[in-house]
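The lines below spell out each chain.
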Amino acid sequence: MSQSTASPDIFENLRLELRRGCLSLAVLSQLRTERYGYTLRKALAEQGIEMDESTLYPLLRRLESQGLLTSEWREEEKRNKRFYRLSPEGKQMLKQLVTEWQKINASLNGIL
Amino acid sequence: MDLLERYLQAVQFWLPKRQKQDIVAELSEDLRSQIEEKQAELGRSLTDQEVEAILKRCGRPLEVASRYLPQRYLIGPTLFPLYRFVLAVVLLGCVVPRCLIWLAFLIADPAHRGYLHMENLWTTVLYFAAFTTLAFAIAERSGVRLDALGNWSPRQLPPARDPNRIPRINSLLEIAFGAAFSVWFAVAFWPRPVIDLYGIHFVMSSVWRTLFWGFVIVGVGNLALSCANLFRARWTRQSAVFRLLSDAAGSALFCWLFRAHPLVSISANGLSPEKSAALTAALNWWMPTAFPYVVLVSLIIFATGVYRIIRIGRTAAGTTLGVMAGA
């Protein structure tokens, strides 16, 4: 009889793959209100979604280059910070993604 | 903060020029916020070790910078299978013919060593590999997509290959040429005191009788197998084992032929006795010299036969294409 010995590395890869697709949705959802990177990271972490700097900031840049976010540099607490928020296209996209997520979630709940 | 400055400088080094300032300013702000929060929590300044821990958690500078860069390939995943195939064909095309030519020269003249200059060969291989890689890298860079090859349809794809199928035309050709050759061989080389082949007289030693009948039996066996294959056009374990035994017997006879000195003398009308003796000596010298190559070819034939049997076993176990297993 064969014994299952799934490698922890394989699990970690699959976990990251599964998580990667959700990160954009999580970030967009948190940017309904304006935030800068560090507070965004903290807000996500409080909701159980930990993201390191080198994942979050490139993702923010990508979403901005796709026109889903707008950003501006502003001084706060004597330091320059870059604030992000959803653009009108981003709001529209977030709605679509949330609908898609709910469909996938419902399907998976049915399957699992 | 010295460690932080050094870290940011290291990240900045790997970033594209236009985005350097922007990215580093944002990353710097985040890291400073982390440090300040930790200081507020501890009620004191952080030690170098504590700052180091924060920076190490952030990641290696090159790794951090790489996440800001667009993913670039020299040859991307779409073109890569095609690149690997073309590279293999190109390299085989430049190596195999040269090796065959070298082998041919070596068989003709074992003292000769000069026709395969390995350095030249490796240079050629390197050039071909470099040009192929460069061509594909340019194609990748230019954004060539497989769609450029035109529309495709499953109907245009080549038929599924069944490695165990024996085309009937192959069997027919084997029967036709095998029968013609066997008859010619039997008539021409029938063991007798002097074999006269188109005016050339061969005197063979007594071993020729055994070799002759051996070749005849192998030839008849191969003909019988070709006839059977004509009616059942697939390799089966039995037919593959029979072909292996037949090839092994034929190869053994050839090896024996090259070692047994079957030629006593050779002569022809108009050929002086001295030249006849020289020709006989040359042939009797050449045959044992070429013996290792005959063994090599025999081993290749034998390995092919063994592979055929293994392949049949795999097909039976359903490890080849699903379509074939289902066929």
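Preceding this paragraph is the structure being described.
Note that the structure is predicted; figures quoted are calculated from it, not measured.

(A) Just the overall build of chain A, in detail. Broken down by element type, chain A carries four helices and three strands. For chain A, the N- to C-terminal ordering of α and β elements is α-β-α-α-β-β-α. Within chain A, the proportion of its 112 residues that are buried is 19%. Summarising the internal contacts of chain A: among those between residues at least 6 apart in sequence, 46% fall at separations of at least 24.

(B) Layout of the overall build of chain B. Scanning chain B from terminus to terminus reveals 11 helices and three strands. Classification of the 327 residues of chain B by burial places 12% in the buried group.

(C) Representation of the environment of R192 of chain B within the structure. Within the secondary structure, R192 of chain B sits in the loop between α7 (168–189) and β1 (195–197). Along the backbone, R192 of chain B and W208 of chain B are 16 residues apart, and their C-alpha atoms lie at a distance of 9.5 Å.

(D) Expanded view of the pairing of strand β3 (residues 79–86) of chain A. Residues and elements named next belong to chain A. Pairing of strand β1 (residues 35–36) with β3 involves two bridges; the strand directions are antiparallel. Bridge pairing in β3 links R35 to Y84. Two elements, strand β2 (residues 69–76) and β3, share eight bridges in a ladder whose sense is antiparallel. If you follow E76 over to β3, its bridge partner there is R79. Taken together, β2 and the strand that follows it, β3, pair antiparallel across an intervening segment of two residues, in which E77 is found at a positive phi of about 50°.

(E) Main features of the interface of chain A and chain B. Tallying the contact residues gives 13 residues for chain A and 12 residues for chain B. Among the secondary structure elements, those contributing two or more residues to the side of chain A that touches chain B are α2 (37–46), α3 (53–65) and β3 of chain A. Here the element with the most residues in the side of chain A that touches chain B is α3 of chain A; it accounts for six residues.

(F) Seen up close, the sheet that holds strand β2 (residues 200–204) of chain B. Residues and elements named next belong to chain B. Reading across the sheet, the three strands line up as β1-β2-β3 and stay open at both edges, with antiparallel pairing between neighbours. Of all strands in the sheet, those bounded by a partner on one side alone are β1 and β3 (263–268). Put simply, the sheet's adjacent strands are angled 20° from each other on average, direction ignored. Pairing between β2 and β3: five bridges, direction antiparallel. Following the sheet pairing, H201 is matched in β3 by S267.

(G) Here's a closer look at the environment of A25 of chain B. The residue A25 of chain B is located in helix α2 (residues 20–42) in this model. What makes A25 of chain B partly exposed here is the crowd of 15 C-beta atoms within 10 Å.

(H) Up close: the sheet that holds β2 of chain A. A sheet is described by the order of its strands in space; here three strands give the open sequence β1-β3-β2 (chain A), paired in antiparallel fashion. Sheet topology places β1 and β2 of chain A at the edges, where each strand pairs with a single neighbour.

Reading the values: the criteria
Residues numbered from 1 in each chain as written. Chains lettered and ligands numbered in written order. Predicted model: local features only at pLDDT ≥ 70, side-chain atom pairs only at ≥ 80, totals over all residues. Helix = DSSP H or I, 4+ residues; strand = E, 2+ residues; numbered from the N terminus. Buried ≥ 20, exposed ≤ 12 C-beta atoms within 10 Å, placed from the backbone. Contact = placed C-beta atoms within 7 Å. Pairing = 2+ DSSP bridges. Axes fitted to C-alpha atoms, helices over the stretch in contact; angles between N-to-C directions.

These results come straight from atomic positions and should not be treated as a statement about function.
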